[in-house]
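# What the coordinates show
As a plain string of letters, each chain reads:
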Amino acid sequence: MNTAVGKGSSARRGEAPKGEKLADWADGRLGLYALAKANMRKVFPDHWSFMLGEICLYSFLILILTGVYLTLFFEPSGVEVVYNGSYTPLNGVIMTRAYESTLDISFDVRGGLLIRQIHHWAALVFVAGMLIHMMRVFFTGAFRKPRELNWAFGWTLLFLGIITGLTGYSLPDDLLSGTGLRFADGAILSVPVVGTYLSMFLFGGEFPGHDIISRLFPIHVLLLPGIMLGLVVAHLILVFYHKHTQYPGPGRDQKSVVGMPFLPVYMAKAGGFFFLTFGVLAVLGGIASINPVWAFGPYRADLVTTGAQPDWYLGFSEGLIRVMPGWEINAWGHTLALGVFIPFSLFPLIMAAIGVYPFIEAWITGDKREHHILDRPRNVPVRTGLGVAWLSLYAVLLIGGGNDIVATHLHLSINAITWFVRIGFFVVPVLAFVVTKRICLGLQRGDRDKVLHGRETGTIKRLPHGEYVEIHERLPQDALFTLTQHEQAPPYEIGPLVDANGVRRRVGPGQRLRARLARSMFGPDTRIPKPTLEEYREITSGDHHH
Ligand code: HEM
């Protein structure tokens, strides 16, 4: 109503309305109109799993907002002081200024503890969101051309997210974070030849030194978040540019997208979802205590807390080191601490294994086409099996990383847990792979049955001659499409080794390996042939099916 009056009055004076003037002003300087016109009505497909990337985005924003507040009060200083503050049990205790300022944030700064806790919870959710989002992308094959580069950006974000978390929870200089740094120092020292040098370089002398907090601080608040912010922006630009993938269904193909426009529907949903994420993190920060540093006390190199655990995302690397036998080689006056160095090297390798997977799959399939329709995980059983195997390895190692906690809480022997993890490290991923692949094949068989024989209705009918049969109901056309739209292209093959003129073709070991891998990933053992039109027509033409 008001707008109409406003419009009318500007129009009476022969002027453009205020809003339009502002828009013209901005457009003249920023060229926003053409940009917005092209993008604001962009269609976004809808599926709950696309929300996972949003959770990463919102928790990242919340990390930045809360982190800025903490930076105003935290002092990254290794200078020693005697505490004399609000938390009386620690009065008179010697500590670093870093630890003291963390206590001040927790007890004296307005809202400080809440913001600290939201910040820490947001970090846990951020990395969890990235891992789950990555696995959604993995299981649905969303990383295929043209999104390989965006996968690489995402993977780098996950890796940097983990390292940023590590540098963050090391800052308060409490007994737990110092124990974590001692762990990291031990791992660095195990690097052959340059380990001692690297440790001295990082800590500015013998561990723990006085420099590490002031060095970790700019890395945590500036360097890593800066790189990550750039990567997040690039990641989102690529999502926009490539357009979103979509799950298979009627009306959806490699060229057409079914969904809602970016503005207003998606924007409204996204805005609401940001506040939901913020709300959940605020409730967690408000009621669930996290990292109560005052209870651990300041770091002292001669003490260690029991039950010391890293944040969950580094639990697997802790597990690797805890279960590794303490192998050592002593030669020519030097010690090679294999018991630490091997697990330390495995940590990036396990991360890299999933990071390079899309590139390996692209090489094996040799598929150069673009893919905008997602795979149903069951239709690519080997990939799905590998993903589950990777996750199961992570989970087994997480148990290893918390072997003391598991032992005390479940009244088990710590040695039994360690041995379980040692054996499980090799056995569980294989089992997980085999079981997942079988489940996928079972589901494929189920799909085939549903297409040919329809859905079981649960209605039992008795025939005149006494036989009982269950009534099956034909699937609607859209369901038939969804269950049969996937490709079952033959895997890559080397082809005949001798050409038409009888001349032998040279085939390199790379090609042979590729053909072997293609057969095991996409060969007959990995797929139940989907029903052909003839089969469908034959079986549905008469009334002989039920
Ligand atoms: C800061 C961390 C991250 C943020 C903020 C983020 C954000 C997003 C958003 C909002 C989307 C669109 C919605 C969706 O598909 O969920 C997306 C898509 C995508 N993300 Fe991420 N992501 C992050 C980390 C990762 C990681 C760790 C990976 C994988 C290693 C990854 C790979 C991808 C790919 C390939 C797509 C395109 C998927 C498609 O179109 O179906 N992202 N990301």
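Just so you know, these numbers come straight off a predicted model, no measurement behind them.

## Describing the environment of Ile290
Secondary-structure assignment places Ile290 in the loop between helix H11 (262–287) and helix H12 (293–296). With 175 residues separating them in the primary sequence, Ile290 and Ile115 have C-alpha atoms 11 Å apart. With residues near it in sequence (within four places) discarded, Ile290 still touches Arg116, Gln117, His120, Trp121 and Leu124.

## Details of empty space enclosed by the protein
Counted according to the given criterion, the structure contains two cavities of 30 Å³ or more. Put simply, the largest cavity is a space of about 60 Å³. Together, Asn379, Gln444, Asp447, Arg448, Val451, Leu483, His486, Ile528, Pro529, Lys530 and Pro531 line the largest cavity. At four residues, helix H17 (residues 414–453) tops the list of elements feeding residues into the lining of the largest cavity.

## Regarding the site of the ligand
Near the ligand there are 24 residues, and of these His133, Arg136, His235, His244 and Thr245 occur at the shortest range. Here Phe50 contributes a backbone N or O atom positioned 3.0 Å from an oxygen atom of the ligand. With respect to the ligand, the backbone of Gly53 contributes an N or O atom lying 3.2 Å from an oxygen atom. Using a 2 Å cut-off from the grid points, one finds that the ligand occupies the largest pocket.

## Quick notes on the layout of surface pockets
Its volume calculated, the largest pocket comes out at about 1100 Å³. In terms of lining residues, the largest pocket is bounded by 44 residues, among which Gly53, His133, His235, Leu236 and Val239 are the most central. If one sorts the elements of the lining of the largest pocket by residue count, helix H10 (residues 212–242) sits on top with nine residues. Tallied by class, the residues present in the lining of the largest pocket amount to 30 nonpolar, 10 polar and four charged.

## Focus: unusual backbone geometry
The omega angle of the peptide bond from Lys145 to Pro146 is 10°, so this bond is cis rather than trans. Looking at the element boundaries, Pro146 is found in the loop between helix H6 (112–139) and helix H7 (148–169). At the junction of Leu263 and Pro264, the peptide bond is cis and its omega measures out at 5° in the coordinates. If you check the backbone angles, Asp173 has positive phi at about 60° while not being a glycine.

## Looking at the coordination of the iron atom of the ligand
Protein ligation of the iron atom of the ligand involves His133 (NE2) and His235 (NE2), the donor distances falling in the range 2.0 to 2.1 Å. With six donor atoms in place around the iron atom of the ligand and angles of 84 to 179° between them, the coordination shape is octahedral. Linking His133 in helix H6 with His235 in helix H10, this pair joins segments that are 102 residues apart in sequence.

## So, the nonpolar core
Formed by 67 residues in total, the largest nonpolar core has its most connected members in Phe126, Met134, Phe138, Leu158, Tyr313, Ile354 and Trp390. Ranked by residues supplied to this core, first place goes to H6 with 14 residues. Setting aside chain neighbours within four positions, we find Phe126 in contact with Cys56, Ser59, Phe60, Leu63, Gly161 and Met228. Within the second largest apolar cluster, 16 residues are counted, among which are Phe74, Ile115, Leu175 and Leu216.

## What to know about a positive patch on the surface
Together, Arg504, Arg512, Arg516 and Arg519 line one region of the surface with positive charge. Take Arg516: it is sitting in helix H19 (residues 509–522).

## Some remarks on the pairing of strand S8 (residues 468–473)
Bridge count between strand S7 (residues 455–462) and S8: five bridges; the pairing is antiparallel. If you follow Arg462 over to S8, its bridge partner there is Tyr468.

## Considering the side chain of Asp174
Note that Asp174 resides in the loop between H7 and helix H8 (175–189). Despite its burial, Asp174 remains without a salt bridge, the nearest opposite charge being carried by Arg116 at 6.9 Å.

## Topic: the pattern of salt bridges
In this structure the tally under the stated criterion is 17 salt bridges. Here Glu75 ties to Arg97 by a salt bridge, and the two come within 2.8 Å at their closest N and O atoms. Taken together, the residues span a long stretch of sequence, with Glu75 in the loop between helix H4 (51–73) and strand S2 (80–82) and Arg97 in helix H5 (residues 97–107) at a distance of 22 residues. With relative accessibility at 34%, the residue Glu75 sits in the partly exposed group. Taking the relative accessible area as the measure of exposure, Arg97 reaches 18% and is therefore buried. With a shortest N-O distance of 2.8 Å, Glu535 and Arg448 are connected by a salt bridge.

## Concerning the packing of H17 against helix H18 (residues 477–484)
Direction vectors running N to C along H17 and H18 enclose 145°, while the axes themselves pass 10 Å from each other. Handedness of the H17/H18 crossing: left-handed. Residues Asp447, Lys450 and Val451 of H17 form the contact with H18, whose participating residues are Leu480, Leu483 and Thr484.

Rules used throughout
Residues numbered from 1 in each chain as written. Predicted model: local features only at pLDDT ≥ 70, side-chain atom pairs only at ≥ 80, totals over all residues. Heavy atoms only, no water. Helix = DSSP H or I, 4+ residues; strand = E, 2+ residues; numbered from the N terminus. Contact = heavy atoms within 4.5 Å. 1 Å grid on protein atoms, 1.4 Å probe; cavity = no way out; pocket = protein on both sides within 12 Å on 5 of 7 lines; lining within 4 Å. Points joined across faces, edges and corners; volume = space filled by probe spheres on them. Near = heavy atom within 4 Å. Polar contact = N/O pair within 3.5 Å; in protein donor to acceptor, adjacent residues only side chain to side chain. Sits in = over half its atoms within 2 Å of the grid points. Nonpolar A, V, L, I, M, F, W, Y, C, P; charged D, E, K, R; others polar. Donors = N, O, S within 2.8 Å, 3.2 Å for Na, K, Ca; no water. Tetrahedral: all angles 85-135°; square planar, octahedral: opposite > 155°, others 65-115°. Core = buried A, V, L, I, M, F, W, Y, C linked by side-chain atoms within 4.5 Å. Buried < 20%, exposed > 50% of the residue type's maximum accessible area, 1.4 Å probe, protein only. Patch = residues over 30% accessible without salt bridge, like charges linked within 9 Å, V, L, I, M, F, W, Y side chains within 5 Å. Areas by Shrake-Rupley, 256 points an atom, 1.4 Å probe, with all protein chains shown as cover. Salt bridge = Lys/Arg side-chain N within 4 Å of Asp/Glu carboxyl O. Lys, Arg positive; Asp, Glu negative; His and termini not counted. Charge placed at Lys NZ, Arg CZ, Asp CG, Glu CD. Pairing = 2+ DSSP bridges. Axes fitted to C-alpha atoms, helices over the stretch in contact; angles between N-to-C directions. Left-handed = near helix turned anticlockwise from the far one by under 90°.

So yeah, pure geometry; function would need other evidence.
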